[in-house]
Amino acid sequence: MAVSKKAMRDAIVDAARYIFARFGYRKATIDSIARAARKGKSSVYYYFKNKEEIFLAVIEKEANAVKSEIKNALASATDPREKLTIYVLTRMRVFHRIARFYSSFREEYLKEYDFIQRFRENYDRYETKLILDILREGIKKNIFSIPDPALAAGYFVTALKGFEYLWGTEEDIDKLEKKTEAMLEMLYRGILKR
């Protein structure tokens, strides 16, 4: 039975996921990915130009899984505040889980990879739009009072990115959830005395 191009490509991406998780981007090789996929090196090059392209396919697959998990978590929420809380906590849990899987990336986390930054910019746009939609819904329902929701959504994404290192390095998930919930509560209440 012939294997479809998509199935072959997916098999390479799945194998690469484990290689990158074990060795990190810098130490992973096309040879190790080919061996893990039980393919010849030429087969890997048939589907991907280089290691960077394989890695982008891996993080795109991870990003799609994250989007799907967040979408499912938000499906039952009706209140915008609840949606925002669910979104942040789900994002934190997923990021924590992915960081545990890709533990070899802890050392590489702060290093700049241009191709990852480009991917991240696209994901940030997606995330900003999702948060903006929640904020606008909250304004419409008279739950939130935000003079510039687009600006607020951008700031929110920036703040979440600031928490990623903590979410990726903290071992205790319960402690992480409490810290994240405390941050959200402060956001909801504001810091000005009323």
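So, a few notes on the structure that sits alongside this text.

### Some points on the environment of Glu171
Topologically, Glu171 is positioned in the loop between α7 (149–169) and α8 (173–189). Judged by relative accessible area, which is 53%, Glu171 ranks as exposed. C-alpha separation for the pair Glu171 and His96, spaced 75 residues apart in sequence, amounts to 8.6 Å.

### Remarks on helix α4 (residues 51–74)
Between its first and last C-alpha, α4 extends 35 Å over 24 residues, near the 34 Å set by a 1.5 Å rise per residue. Among the residues making up α4, those that are buried are Lys51, Ile54, Phe55, Ala57, Val58, Ile59, Glu62, Ala63, Val66, Ile70 and Leu74. For α4, the N-terminal capping position is held by Asn50, with its side-chain oxygen 3.2 Å away from the main-chain nitrogen of Glu52.

### Quick look at the pattern of salt bridges
Side chains that differ in sign of charge can pair as their charged atoms come close. On inspection of all chains with the given rule, the structure shows 16 salt bridges. Where Arg97 meets Glu69, a salt bridge forms, and the shortest distance between an N and an O atom there is 3.0 Å. Of this pair, Arg97 sits in helix α5 (residues 80–101) while Glu69 sits in helix α4, and the two are 28 residues apart along the sequence.

### Observations concerning helix α1 (residues 5–27)
The terminal C-alpha atoms of α1 lie 27 Å apart, and with 23 residues this falls more than 12% below the ideal 33 Å at 1.5 Å per residue. At Ala21, α1 shows its largest bend, some 80 degrees. For α1, the complete set of buried residues consists of Met8, Ile12, Val13, Ala15, Ala16, Ile19, Phe20, Ala21, Gly24 and Tyr25.

### Examining the packing of α1 against α4
It is the contact of α1 with α4, at a shortest axis distance of 9 Å, that shows an interaxial angle of 100 degrees. The orientation of α1 with respect to α4, classified from their angle, is roughly perpendicular. Across the interface between the two elements, Arg9, Val13, Asp14, Ala16, Arg17, Phe20, Tyr25 and Arg26 from α1 touch Lys51, Glu52, Ile54, Phe55, Ala57, Val58, Lys61 and Glu62 from α4. For the contact of α1 with α4, the per-class residue count stands at eight nonpolar, no polar and eight charged.

Conventions we followed
Residues numbered from 1 in each chain as written. Predicted model: local features only at pLDDT ≥ 70, side-chain atom pairs only at ≥ 80, totals over all residues. Heavy atoms only, no water. Helix = DSSP H or I, 4+ residues; strand = E, 2+ residues; numbered from the N terminus. Buried < 20%, exposed > 50% of the residue type's maximum accessible area, 1.4 Å probe, protein only. Expected span 1.5 Å × (residues − 1). Polar contact = N/O pair within 3.5 Å; in protein donor to acceptor, adjacent residues only side chain to side chain. Salt bridge = Lys/Arg side-chain N within 4 Å of Asp/Glu carboxyl O. Bend = angle between axes of the 7 residues up to and from the residue. Axes fitted to C-alpha atoms, helices over the stretch in contact; angles between N-to-C directions. Parallel < 35°, antiparallel > 145°, perpendicular 65-115°, else oblique. Contact = heavy atoms within 4.5 Å. Nonpolar A, V, L, I, M, F, W, Y, C, P; charged D, E, K, R; others polar.

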